[in-house]
Amino acid sequence: MSSGTSASPPGGRSGGVGLPAGLPDDVGAAIIQHTRYCAPDEACGLLGVDGDGSVVIAYCLPNVHSQRRRRFTVDPAGHYRAMRHAEAHGWSIGGSFHSHPGGPAIPSPTDIAGAFDPTWWYVIAGPLPRPEVRVYRIVAGVVTEVPTGVIAAARRPGAVMAGSTP
Ligand SMILES: [Zn+2]
């Protein structure tokens, strides 16, 4: 819940470029699980953000691309449902995620070329069996990793990630 005028993100990071508080553990876990479920195809989905631009939910959606092993397209009907869900909660769609089941969690040239929104978080998970989840901004073809977003997949869902905050 946000109240008043305080907009300080939890954790107190101050990158000066409006960084989110980091990817919540449950969002990262959901992305990893969706990556496992969809493998060997690429998994994909959208990210809901709150009024501060912080990621609050991962919408795990079908990949409808005809070459799902190497590319992804978020299911349009799922995209619409995610938008409606986000709006109903006072959020908006502020990013997307997809997986690289067999490769590192870094944007490919195709990913960079397809990153059309400079305000979105672009999240990539990979490779299996122990994917990392990394968060990027991609603005006019320039990729910047958001250093708060790395989550080790070895952590079990439900486990408390104590001590991970500097
Ligand atoms: Zn990719």
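Residues numbered from 1 in each chain as written. Predicted model: local features only at pLDDT ≥ 70, side-chain atom pairs only at ≥ 80, totals over all residues.

### Side note on the pairing of strand S2 (residues 55-61)
- Burial runs high along S2: five of the seven residues are buried.
- Two strands pair when backbone bridges link them, and strand S1 (residues 44-49) and S2 are joined in this way by six bridges, in the antiparallel orientation. Residue pairing across strands places Cys44 opposite Leu61, the latter belonging to S2.
- Counting the residues in the hairpin turn of S1 and S2 gives five residues, including Gly53, whose phi is positive at 85°. (Buried ≥ 20, exposed ≤ 12 C-beta atoms within 10 Å, placed from the backbone. Helix = DSSP H or I, 4+ residues; strand = E, 2+ residues; numbered from the N terminus. Pairing = 2+ DSSP bridges.)

### Things to note about the nonpolar core
- Ile31, Leu47, Phe97, Tyr122 and Val123 are the most contacted members of the largest nonpolar core, which totals 35 residues.
- Residue assignment for this core shows that the elements contributing at least two residues are helix H1 (25-38), S1, S2, helix H2 (76-88), strand S4 (121-126) and strand S5 (132-139).
- Not counting residues up to four positions away in its chain, the partners in contact with Leu47 are Val55, Ala58, Gly94, Gly95, Ser96, Phe97, Trp121 and Val123. (Core = buried A, V, L, I, M, F, W, Y, C linked by C-beta atoms within 7 Å. Contact = placed C-beta atoms within 7 Å.)

### Here we look at unusual backbone geometry
- Cis geometry is adopted by the peptide bond preceding Pro40, which originates at Ala39 and carries an omega value of 10°.
- Structurally, the position occupied by Pro40 is in the loop between H1 and S1.
- At the junction of Leu128 and Pro129, the peptide bond is cis and its omega measures out at 10° in the coordinates.
- Position of Pro129 relative to the elements: it lies in the loop between S4 and S5.
- Backbone geometry at Ala140 places phi at a positive 50°, although glycine is not the residue there.
- With respect to the secondary-structure elements, Ala140 resides in the loop between S5 and strand S6 (142-152).

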